[in-house]
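Analysis of the macromolecular model
Read off the chains here:
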There are 2 protein chains.
Amino acid sequence: MKRRDFNLMLATALGVWVRVPRARAAAPRVNGARLNQSLQDFGAIGRTAAGAQRVAYSPTDREARAFAMDLMRAARLDVTVDAAGNIIGRRAGTDASRPAVLFGSHIDSVPDGGDYDGVVGSLSAIEAARTLAEQDVRTRHPLEVVIFQNEESGLMGSKAMVGILTERDLGLVNKSGTSVRDGIALLGGDPSRLGEARRAPGSIAAYLELHIEQGAVLDEAGVNIGVVEGIVGIGWWDVTIEGFANHAGTTPMNRRKDAMLSAAKFVQAVNRIVRAEPGRQVGTVGRIEALPGAPNVIPGLVRTSLEIRDLDAAKIAALYAKVEQVAREIGREDGTTFSFRQANDNQPAPTDPRIRDVIRRAARGLGLTTEDMPSGAGHDAQDMARLGPVGMIFVPSVGGISHSPRELTRPADVENGANVLLATVVALAN
Amino acid sequence: MKRRDFNLMLATALGVWVRVPRARAAAPRVNGARLNQSLQDFGAIGRTAAGAQRVAYSPTDREARAFAMDLMRAARLDVTVDAAGNIIGRRAGTDASRPAVLFGSHIDSVPDGGDYDGVVGSLSAIEAARTLAEQDVRTRHPLEVVIFQNEESGLMGSKAMVGILTERDLGLVNKSGTSVRDGIALLGGDPSRLGEARRAPGSIAAYLELHIEQGAVLDEAGVNIGVVEGIVGIGWWDVTIEGFANHAGTTPMNRRKDAMLSAAKFVQAVNRIVRAEPGRQVGTVGRIEALPGAPNVIPGLVRTSLEIRDLDAAKIAALYAKVEQVAREIGREDGTTFSFRQANDNQPAPTDPRIRDVIRRAARGLGLTTEDMPSGAGHDAQDMARLGPVGMIFVPSVGGISHSPRELTRPADVENGANVLLATVVALAN
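A quick note: this is a predicted structure, and the numbers were derived from the prediction, not measured.

**Observations concerning the overall build of chain A**
Helix and strand content of chain A: 12 helices and 20 strands. Against the compact-globule benchmark of 22 Å for 430 residues, chain A has a radius of gyration of 24 Å, which places it among compact chains. In chain A, buried positions account for 58% of the 430 residues.

What follows is the structure, encoded as structure tokens:
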């Protein structure tokens, strides 16, 4: 769906001021200048030449959290940190018996990350709450702004909130050098009392998340707002290829069991199989290690990865089955052995169709165009879908660049997204 | 050339002892039992479950050198360490005016190496000298048993002896953690006086080296002795592939600049191009690194390697030219950029045809079969070819396994090789 209205006074070529249709909804508007200034101030935390360094649990992540909590207090939210280390900023509703509408995102970054991923949604949520406070707009449902901890290493904060954080998760160590368990304690949570952070299914009215698209669809189509149909499922496998390491000078070409050659065929097979059928599925080999790893030794072992994403779990399974079959054929051809170990299996998480409608209406009310799309990236919203209906709002990423210091969402798009978020929250909370 | 005689009394199926032809030459024979016992004793130095750890300059390398020097003294050699850290065991000839016949190998190992690479040639050389001493055989030319230091990191000891060790070489640090410069001092050399270790072209009568084949040609053909035609040249390039790192979930397949995919095509192209023409050339991609290296990020940069070996430098150059051309095509197809930097360029080093004849005759005299073959591996002999005529003798490696704890040369083959070495040394030194 693409629609474009105008909500500005435009100077025509004739030099005459023309009044164009303004937003139809009476929803309040955020302070876009303030929001974009907050984004800029926030971006200074942990910024390096190689990009943003706010890896969860690092000193800069904690500095960023302090910044966010100060902003939340300025928005007159009641700020707490739950046992899992998530930051919660609560605002009472007029009917205390109703479940809360949650909205937010995360502020931790990947190593060498950007200034927008997670941050746009988090600061916009706080700005939305601040706008409601300033304009004294009350909602029937209570509101909770949530900043989930450690999204980038695997949605740790939202996993804890929905009760699926495992012992194995708690032991994982990210680039901060700190385990999730120790990290939670560092953030002011209590890893021994994670049950207290857990919410029951049905206990929330909705969860809403505004996020940058991290792809180029909106930017290239010139569309203002993405209405997310769902978060794709992710199948992730560790792949090991065993050949036989031998001397590169003395082993004839026809007597090699070259794990690197098999890996090369595997990478190409993944690409070919994933592209062979229509749809928006993606398949990626992002990691590789060849042992012993010397230019003069035929690799005897390669460890690599496979990741397949789609909105349809059955499609992921079918693509994986094809890849595994072709890998077996490559192994037979090269005298090598492939083994696959599933490292992660995120099921696709559809968003709630009614919330999609609310988002579309909110955007239309603001004179903004929308397009329905999947989220190829994982988000805390996919966990929150276990607790209640979820919705996600995307804003354009220039050039589709993501997880990079070159990541950029334009100030006008940030403001648009925050206004759609605010309007949707108000609609859902009344 | 394949010949097989028998030099043993054989019990036939009839139970009758049959006298088979014994060696025709009157050359002395080494003490095979003692040599193989030395090999076993030597192998205990630095042995671990993962293989031999006698990386040059490590404590175990130095322990191994002390062991070898003791053996040399038992062989009544005059033992010195030259300024480059090479061990020299000299035996006077009857004519002091004649240039020496040098023979030997190295005793340092790769990490996780085997018990035979270098060691068979080194201990056989000492055993040959010991045999001459015990049997009071005098040669006209002086003899020098040489154990070169740090062969495995790039022929450092022989480079110094021929005067081509560079400042860059001296700064290289191997897995011992010690630079070549500091290592030379540790071994009793003097890195500030390397000129003293240098020999002038024409100053040696010959250099001979016995070595395990490190390939499976002799073992599979059941041939006793390989007569090395030359040491292949090695072209080695560092290859960098630049694409664009992006989010694996949000970047459609047709919008990627995936450096990993280009690397996969490159690895296959190397294999295809090298195998496309007849000959014994080999091409290997042994090292790879993909950045950022996460399963959920499309690699934006791959660093890999290319190594091509052949006895003919022109063939290496032609194969490289083809690989580079195909790489450019891959880059155009994938939106990536390949760059090649030549890291090393070892020219092929042919052995001396007259020495090959002497080796063949020596083997025949011992009733052993021979086959002419290239050395696919580098050896100190390739440097020594700058000083005078060189020859190399190969003995079989079971299964062609090399640079591995599973490396094995059978005791009978070790003894055969040492006897051919001894007979060749005697022939060349008279």
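Once you've had a look at it, read on.
**Focus on the relation of the copies chain A and chain B**
For the pair chain A and chain B, the relating rotation is 180°, the translation along its axis is 0.2 Å, and the fit reaches an RMSD of 0.3 Å. The two molecules are tied by a two-fold rotation axis, judged by turn and shift. When C-alpha positions in chain A are compared against the rotation axis, the closest is assigned to alanine 264 of chain A, at 2.0 Å. Looking at the interface residues of chain A, 100% of them are also at the interface in chain B, so both copies use one shared face.

**Here's the deal with the interface of chain A and chain B**
Taken together, the contacts link 51 residues of chain A with 51 residues of chain B. Secondary structure elements with two or more residues in the side of chain A that touches chain B: β12 (246–247), α8 (259–275), β13 (282–284), β14 (288–291), β15 (297–298) and β16 (301–310) of chain A. No other element matches the nine residues that α8 of chain A contributes to the side of chain A that touches chain B. Residues belonging to the side of chain A that touches chain B are distributed by class as follows: 23 nonpolar, 20 polar and eight charged.

**Overview of the environment of isoleucine 298 of chain A**
Residues and elements named next belong to chain A. Structurally, the position occupied by isoleucine 298 is in strand β15. The class of isoleucine 298 is buried, set by 27 C-beta atoms lying within 10 Å. Along the chain, isoleucine 298 and leucine 261 lie 37 residues apart, while their C-alpha atoms are 9.4 Å from each other.

**So, the pairing of strand β20 (residues 390–395) of chain A**
All names here are of chain A. Most of β20 is tucked away, with six of its six residues classed as buried. The two faces of β20 match: Val390, Met392 and Phe394 on one face and Gly391, Ile393 and Val395 on the other face are all buried. The pairing of strand β9 (residues 204–212) with β20 spans six bridges and is parallel. Opposite isoleucine 212, over in β20, you have valine 395 as the bridge partner. With two bridges connecting them, strand β10 (residues 225–231) and β20 associate as antiparallel partners. Residue pairing across strands places valine 227 opposite isoleucine 393, the latter belonging to β20.

**What to know about the domain arrangement of chain A**
Residue and element names in this part refer to chain A. Assigned domains within chain A: domain 1 (9–232 + 349–428) and domain 2 (233–346). Once you take the C-alpha centre of each, domain 1 and domain 2 turn out to be 36 Å apart. Between domain 1 and domain 2, the contact holds seven residues from the first and eight residues from the second.

**Side note on the pairing of strand β11 (residues 233–242) of chain B**
Residues and elements named next belong to chain B. Burial analysis of β11 places seven of its 10 residues in the buried class, the great majority of the element. Pairing analysis gives nine bridges linking β11 to strand β17 (residues 337–346), with the strands arranged antiparallel. What sits directly across from threonine 240, in β17, is serine 339.

**As for unusual backbone geometry**
Residue and element names in this part refer to chain A. Cis geometry marks the peptide bond from leucine 291 to proline 292; its omega dihedral reads 5°. Looking at the element boundaries, proline 292 is found in the loop between β14 and β15. Of note in the backbone geometry, aspartate 112 takes a positive phi value of approximately 55° without being a glycine. Structurally, the position occupied by aspartate 112 is in the loop between β7 (100–106) and α3 (119–134). The exposure class assigned to aspartate 112 is partly exposed, which follows from the 19 C-beta atoms found within 10 Å.

**Describing the environment of glycine 104 of chain A**
Summarising the element assignment, glycine 104 of chain A is placed in strand β7. Those residues in contact with glycine 104 of chain A, other than ones at most four positions away along the chain, are Gly121, Ser122, Ala125, Val145, Val146, Ile147, Phe148 and Glu209 of chain A.

**Side note on helix α2 (residues 59–74) of chain B**
Residue and element names in this part refer to chain B. Spanning 16 residues, α2 covers 23 Å between terminal C-alpha atoms, matching the ideal 22 Å at 1.5 Å per step. For α2, every residue scored as buried is listed here: Asp61, Ala64, Arg65, Ala68, Leu71 and Met72. All buried residues of α2 project into a common sector of 120° when viewed along the axis, lining one side. In this structure, α2 carries Ala66 and Asp70 as exposed residues pointing more than 90 degrees from its buried face. Where α2 is buried, its residues touch α1 (32–43), β5 (78–81), β6 (87–91), α3 (119–134) and β8 (143–148).

**Thoughts on the packing of helix α1 (residues 32–43) of chain A against helix α12 (residues 411–428) of chain A**
Residues and elements named next belong to chain A. Contact geometry for α1 and α12: axes closest at 9 Å, N-to-C directions at 115°. Judged by the inter-axis angle, α1 sits roughly perpendicular to α12. The chirality of how α1 crosses α12 is right-handed. Note on element contacts: α12 touches α1 through Pro411, Val414, Glu415 and Ala418, opposite Gly32, Leu35, Asn36 and Leu39. Across the contact of α1 with α12, the residue classes break down as five nonpolar, two polar and one charged.

The rules behind these values
Residues numbered from 1 in each chain as written. Chains lettered and ligands numbered in written order. Predicted model: local features only at pLDDT ≥ 70, side-chain atom pairs only at ≥ 80, totals over all residues. Helix = DSSP H or I, 4+ residues; strand = E, 2+ residues; numbered from the N terminus. Rg over C-alpha atoms; globule rule 2.2 N^0.38 Å. Buried ≥ 20, exposed ≤ 12 C-beta atoms within 10 Å, placed from the backbone. Least-squares fit on C-alpha atoms with pLDDT ≥ 70 in both. Contact = placed C-beta atoms within 7 Å. Nonpolar A, V, L, I, M, F, W, Y, C, P; charged D, E, K, R; others polar. Pairing = 2+ DSSP bridges. Domains from an automatic or database assignment. Expected span 1.5 Å × (residues − 1). Arc of directions from axis to C-beta. Axes fitted to C-alpha atoms, helices over the stretch in contact; angles between N-to-C directions. Parallel < 35°, antiparallel > 145°, perpendicular 65-115°, else oblique. Left-handed = near helix turned anticlockwise from the far one by under 90°.

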